[in-house]
Amino acid sequence: MSDTLFSIENLRVAYPHSSDENTQWAVDDVSFSLQPGEKMGLVGESGCGKSTLGRAAMRLLPPSTRIEGWVTFQGRSVFNLTPVEMRKFRGEAVALIFQDPMTRLDPLMTIGNHCIETLKAHSPQLSAKAAKEKAIATLEKVNIPATRWNQYPHEFSGGMRQRVAIALALLLQPKLIVADEPTTSLDVTVSAQILQELTRLCAEENMALLLISHDLAMVAEYCDRIGVMYNGKMVEMGATESVFRHPQHEYTRSLLQAALHIQAVEGTGDWGQGGHGGQGGHGGQGSNLSSLSLPSPLSSPNPQSPIPDHRSPILRVVDLKQHYTLEPNFVERIFKGPGQTIKAVDGINLELYPREILGLVGESGCGKSTLSRTILQLIRPSAGKVEFLGKDITNLSRQEIRLQRRQMQMVFQDPHACLNPAMTVGQSIADPLLIHQLATPEEAKQQVLQMLAKVGLQPPEVYYQRYPSDLSGGQQQRVAIARALITHPKLLICDEPVSMLDASVQSQVLDLMLELKEEFDLTYLFITHDLWLARFLCDRIAVMNSGKIVEMGPTKEIFANPQHPYTQTLLAAAPLLARA
């Protein structure tokens, strides 16, 4: 035991709003330890207590939170550290990579200032030059070039912000990294590079890693040991290979079956017949999961159908461009001349047909989210045009665009982008109905309660009254999906809509999206970095790189015979549970 780096014993956590008479434990009697250099994965559905456990171990929860048990680091109790000791503990001993990078990044500070502030706070003896050199070297490890040093967080994509947050955690070379969904918003190539870097540091620096994730394939590939949490409890723990090959708990089996269903490979799924996966669901092996109240599996994936040439597209994008200029400061203007132009979207042409699901894949920062915002006219294009239902919408007035958006909605990658923290969940979802005068307040409430139930937030009456801050990241994303679907739009642009959800809840949400697609003749532009999810769901796939679409075609053909080197690289980097 003397070699133990980090230990949690009988940890229980309850949030302040829980009543004393019937305490609801977010984390309930969890115990485990980590050795130097060990890599442990922690998996479970959103809201099961994974993130709460990580924050409790670093004393980042509100003071009124009820905490029982012990957390020790190198034999010392974390709960007994003084404020000065805690400051050194956080960052130098243990670093936390948050699920949402904007909880780590100050919108008023440049990326460079974030790095310098972190280094100076813990290593004041470093010169400004040495600090900048170390920061730039660390940023380059996560593929952030030095040219972005003076930019602000809002000028980065969600994936690039997460890369910055990871770099800030690596700056001080801690002995333990607690990574809470560190690659949720990253593409497979960058995810692989970052996790390879983290695992390399574990080996070279004898650094431990606690990887909190819902991505079972990623955990299987990079972790020595795995713990499975359900409803606040650790229901299974063991060597990764042993747990994945011989899961003992029925909840673990359900997670694996859901993930394998989505990642169905040739031979288990009939891809010649359709792009939505294989035969059967993930109920499997007769296991009785009714007592766990698990989400229902994807029951009947909608088969892929060829697109007749005579159909008119619901959405048509013609030579669309979105260019930005990085304004240099005074010194840079003297020595380097005019600012650098970033071609976020550079001549995109695509057509989306009624009732089709078109997948848009590519690395973070390639322009996917910018393209979606330009299509919705949230930002006006530099050039080109967007036609929706046969009408050019690029030159419409603000009022006309507002009317069009009733028919075209978006699910954002970051739920904070569409949820007002001062509004309850019920108010947020009802808002579009009231804005477009589609329902009275009482009718809106009934529709919201029905939608909450459909996206798996049960009981809906309870979630209706809650605020976004009361929900886990995955629960917030479900609220965002409900808000986008409430007006029953013709076109839904989904920007990483299930990236924060575990495999079983992903299945539930995807099932809902397919059901609504049939019921309301919906069309989806589905933006994702999860290639197996794109293959499962999408009729066609467009691969985007550096602002351009480099390859497009039917899903089966893209996966069976990728033509572009970048597409081949993406497919090679994607973690696959079946081969993990």
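On a predicted model such as this, the values are computed, not experimentally measured, just so you know.

**Brief notes about the nonpolar core**
Now for step 1: Grouped together as the largest cluster of nonpolar side chains are 84 residues, with contacts concentrated most on Leu371, Ile375 and Phe526.
Now for step 2: When neighbours within four sequence positions are excluded, Leu371 is seen to be in contact with Leu320, Val345, Ile348, Leu350, Leu360 and Met544.
Now for step 3: Core analysis: the second largest hydrophobic core is formed by 50 residues, Leu105, Cys115, Ile144 and Ile166 among them.

**Topic: the sheet that holds strand β6 (residues 94-97)**
Now for step 1: As summarised here, the arrangement of the six strands in space is β6-β7-β8-β3-β9-β10, forming an open sheet in which the pairing is mixed. Two strands in the sheet have a free side with no partner beyond their single neighbour: β6 and β10 (233-239). Strand-to-strand, the axes of this sheet are offset by a mean angle of 15°, without reference to chain direction.
Now for step 2: Here strand β3 (residues 39-43) pairs with strand β9 (residues 225-230) via four bridges, running parallel. Considered in β9, the bridge of Val43 is made with Val228.
Now for step 3: Running over the sheet, helix α2 (residues 83-93) touches β6 and β7 (176-180) and is turned about 65° from β6.

**A few points about the pattern of salt bridges**
Now for step 1: Counted under the stated rule, the structure contains 20 salt bridges.
Now for step 2: Salt-bridge contacts for Lys548 lead to Asp346; the nearest nitrogen and oxygen are separated by 3.1 Å. Taken together, the positions of Lys548 in strand β20 (residues 548-554) and Asp346 in strand β12 (residues 340-352) put the pair 202 residues apart, joining distant regions of the chain.
Now for step 3: By relative accessible area, Lys548 is classed as partly exposed at 42%.
Now for step 4: Judged by its relative accessible area of 12%, Asp346 is buried.

**Re the environment of Tyr353**
Now for step 1: Mapped onto the elements of the fold, Tyr353 is located in the loop between β12 and β13 (357-361).
Now for step 2: For the pair formed by Tyr353 and Arg311, sequence separation is 42 residues and the distance between their alpha carbons is 7.2 Å.

**Describing helix α3 (residues 111-122)**
Now for step 1: For α3, built from 12 residues, the straight-helix expectation of 16 Å at 1.5 Å per residue is met to within 8% by its first-to-last C-alpha distance of 18 Å.
Now for step 2: Of all the positions in α3, only Ile111, Gly112, His114, Cys115, Thr118, Leu119 and His122 are classed as buried. The arc that holds every buried residue of α3, seen down its axis, measures 165°, which confines them to one face.
Now for step 3: Those residues of α3 that are buried are in contact with α2, α4 (128-141) and α5 (158-170).

**Describing unusual backbone geometry**
Now for step 1: The omega angle of the peptide bond from Gln458 to Pro459 is -10°, so this bond is cis rather than trans.
Now for step 2: For Gln74, which is not glycine, the phi torsion reads 50° and is therefore positive.
Now for step 3: The backbone of Leu389 shows a phi angle near 55°, a positive value even though the residue is not glycine.
Now for step 4: Relative to the assigned elements, Leu389 resides in the loop between β14 (383-388) and β15 (391-392).

**Re the sheet that holds strand β2 (residues 27-34)**
Now for step 1: The sheet built from four strands is open, its strands ordered β2-β1-β4-β5 with antiparallel pairing. Each edge of the open sheet is held by one strand with a lone partner, namely β2 and β5 (76-77).
Now for step 2: With seven bridges connecting them, strand β1 (residues 6-14) and strand β4 (residues 66-73) associate as antiparallel partners. Paired with Phe6 across the strands is Phe73, a residue of β4.
Now for step 3: The strands that helix α1 (residues 50-57) touches are β1, β2 and β4; relative to β1, the one it contacts most, it runs at about 115°.

**Structural notes on the confidence of the model for the chain**
Now for step 1: Per-residue confidence for the chain averages 81 on the pLDDT scale, and 85% of its residues sit at or above 70.
Now for step 2: Here residues 265-309 is a poorly scored stretch, pLDDT under 50, and it has 95 contacts once near neighbours within four places are set aside; other chains count.

**Quick word on the packing of aromatic side chains**
Now for step 1: This structure, assessed with the given rule, holds three aromatic pairs.
Now for step 2: With a centroid separation of 5.5 Å and an interplanar angle of 80°, the aromatic rings of Phe73 and Phe89 are classed as edge-to-face. Taken together, the positions of Phe73 in strand β4 and Phe89 in helix α2 put the pair 16 residues apart, joining distant regions of the chain. Assigned by exposure class, Phe73 and Phe89 land together as buried.
Now for step 3: Between Trp532 and Phe559, the aromatic rings sit 5.8 Å apart at their centres with planes inclined by 40°, giving tilted as the arrangement. Of the two residues, Trp532 is situated in helix α18 (residues 531-537) and Phe559 in helix α19 (residues 555-560); the sequence distance between them amounts to 27 residues. Neither residue differs from the other here; Trp532 and Phe559 are each classed as buried.
Now for step 4: Taking the ring centre of Phe156 as reference, the NZ or CZ of Arg148 above it sits at 4.7 Å.
Now for step 5: Positioned above the aromatic ring of Tyr464, the side-chain terminus of Lys445 is 5.3 Å from the ring centre.

**Thoughts on the environment of Ala480**
Now for step 1: When you line up the elements, Ala480 lands in helix α16 (residues 473-485).
Now for step 2: On the accessibility criterion, Ala480 (2% relative accessible area) is buried.
Now for step 3: Between the C-alpha atom of Ala480 and that of Met410, which follows or precedes it by 70 residues, the distance is 9.0 Å.
Now for step 4: When neighbours within four sequence positions are excluded, Ala480 is seen to be in contact with Pro415 and Cys418.

Scoring rules and cut-offs
- Residues numbered from 1 in each chain as written.
- Predicted model: local features only at pLDDT ≥ 70, side-chain atom pairs only at ≥ 80, totals over all residues.
- Heavy atoms only, no water.
- Core = buried A, V, L, I, M, F, W, Y, C linked by side-chain atoms within 4.5 Å.
- Buried < 20%, exposed > 50% of the residue type's maximum accessible area, 1.4 Å probe, protein only.
- Contact = heavy atoms within 4.5 Å.
- Pairing = 2+ DSSP bridges.
- Helix = DSSP H or I, 4+ residues; strand = E, 2+ residues; numbered from the N terminus.
- Axes fitted to C-alpha atoms, helices over the stretch in contact; angles between N-to-C directions.
- Salt bridge = Lys/Arg side-chain N within 4 Å of Asp/Glu carboxyl O.
- Expected span 1.5 Å × (residues − 1).
- Arc of directions from axis to C-beta.
- pLDDT = per-residue confidence, 0-100.
- Phe/Tyr/Trp six-rings, centres within 6.5 Å; stacked < 30°, edge-to-face > 60°.
- Lys NZ or Arg CZ within 6 Å of the ring centre and 35° of its normal.

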